[in-house]
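# Fold and contact review
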Amino acid sequence: MPDLLVNLYSAELADLQQKADGVGVSIRPALPPELHLVLGWVRERFSENWASEVAVAFSRQPVACLISVDGGKLLGFACYDTTARGFFGPTGVDRDARGRGIGLALFSACLQTMKTLGHAYAFIGDAGPVDFYAKTAGATIIPAPDKGIYEGMLRSTPK
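Residues numbered from 1 in each chain as written. Predicted model: local features only at pLDDT ≥ 70, side-chain atom pairs only at ≥ 80, totals over all residues. Heavy atoms only, no water.

## Concerning the overall build of the chain
Scanning the chain from terminus to terminus reveals five helices and seven strands. Listed N to C, the secondary structure of the chain is β-α-β-α-α-β-β-β-α-β-α-β in terms of helices and strands. Over its C-alpha trace the chain gives a radius of gyration of 15 Å, about what one expects of a compact globule, namely 15 Å for 159 residues. With respect to the principal axes defined by its C-alpha atoms, the chain has extents near 40 × 35 × 30 Å. Across the 159 residues in the chain, those meeting the buried criterion constitute 42%. (Helix = DSSP H or I, 4+ residues; strand = E, 2+ residues; numbered from the N terminus. Rg over C-alpha atoms; globule rule 2.2 N^0.38 Å. Buried < 20%, exposed > 50% of the residue type's maximum accessible area, 1.4 Å probe, protein only.)

In structure tokens, the structure reads:
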């Protein structure tokens, strides 16, 4: 999967924020005492690798992880500045909450936060849904013959 680049000053970002505002979900920064809850939730639903990145997000000041919560239930998360400064992700939404625009709202909130913190561009490393990112934020593929920052990363092997 390719790496993508998002211009945080593009017109697409204003459109994305407007769409995200219409979703009507609560997005907020995660709090340090929530680390164990968010980490366990990500580990259970996604992967150890993503849980590791969430742990890094919680080590940042301010915490670089946004969450969507409804009625005291965690619905989704999105991180930034974890694998490297300027990187968006990982991000995920609970399977039962998908299709409600929560991922879109988390993505938009992260990009806006990154812009506020002084980033001009955001990188999406090893991007899965390339068409989604291109359509919603004007993301473009970074032409590179190799895998980028994740090349040679150690990975868990199934037992």
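## Structural notes on helix H4 (residues 102-116)
Here H4 contains 15 residues, and its C-alpha end-to-end distance of 21 Å stays within 8% of the 21 Å for a straight helix at 1.5 Å per residue. Listed in full, the buried residues belonging to H4 are Ile102, Leu104, Ala105, Leu106, Phe107, Ser108, Cys110, Leu111 and Met114. Positive phi appears at Gly118, one or two residues downstream of H4, with a value of about 110°. (Expected span 1.5 Å × (residues − 1).)

## Some thoughts on unusual backbone geometry
The phi torsion of most residues other than glycine is negative, and most of the peptide bonds are trans. The residue after Gln61, namely Pro62, is reached through a cis peptide bond having omega 5°. Here the amide bond leading from Gly89 into Pro90 is cis, since omega sits at 5°, within 30 degrees of zero. If you trace the backbone, Pro90 turns up in strand E5 (residues 87-93). Located in the positive-phi region is Asp81, a residue other than glycine, with phi close to 55°. Its identity is not glycine, yet Asp126 carries a phi of approximately 50°, on the positive side. Secondary-structure assignment places Asp126 in the loop between strand E6 (121-124) and helix H5 (130-137). According to the relative accessible area criterion, Asp126 is buried, its value standing at 18%.

## A few points about the sheet that holds strand E4 (residues 73-80)
Taken in spatial order, the seven strands of this open sheet run E2-E3-E4-E5-E6-E1-E7, and their pairing is mixed. Every other strand in the sheet has two partners, leaving strand E2 (27-29) and strand E7 (140-141) as the edge strands with one partner each. (Pairing = 2+ DSSP bridges.)

## Focus: the nonpolar core
Ranked by internal contacts, the top residues of the largest apolar core, which has 42 residues, are Val6, Cys65 and Leu111. Counting residues per element, this core draws most heavily on H4, which supplies seven residues. Residues in contact with Val6, not counting those within four places in the same chain, are Leu13, Leu111, Ala120, Tyr121, Ala122, Ile124, Ala137 and Ala139. (Core = buried A, V, L, I, M, F, W, Y, C linked by side-chain atoms within 4.5 Å. Contact = heavy atoms within 4.5 Å.)

## So, the pairing of E5
Extensive coverage of E5 is indicated by the burial of six of its seven residues. The sheet contact formed by E4 and E5 spans four bridges and is antiparallel. Within E5, the residue paired with Phe77 across the bridge is Gly92. Linking E4 back to E5 in an antiparallel pair, the connection comprises six residues, with Asp81 at a positive phi of about 55°. Bridging between E5 and E6 involves two bridges; their strand directions are parallel. Within the sheet, the bridge partner assigned to Phe87 lies in E6 and is Phe123.

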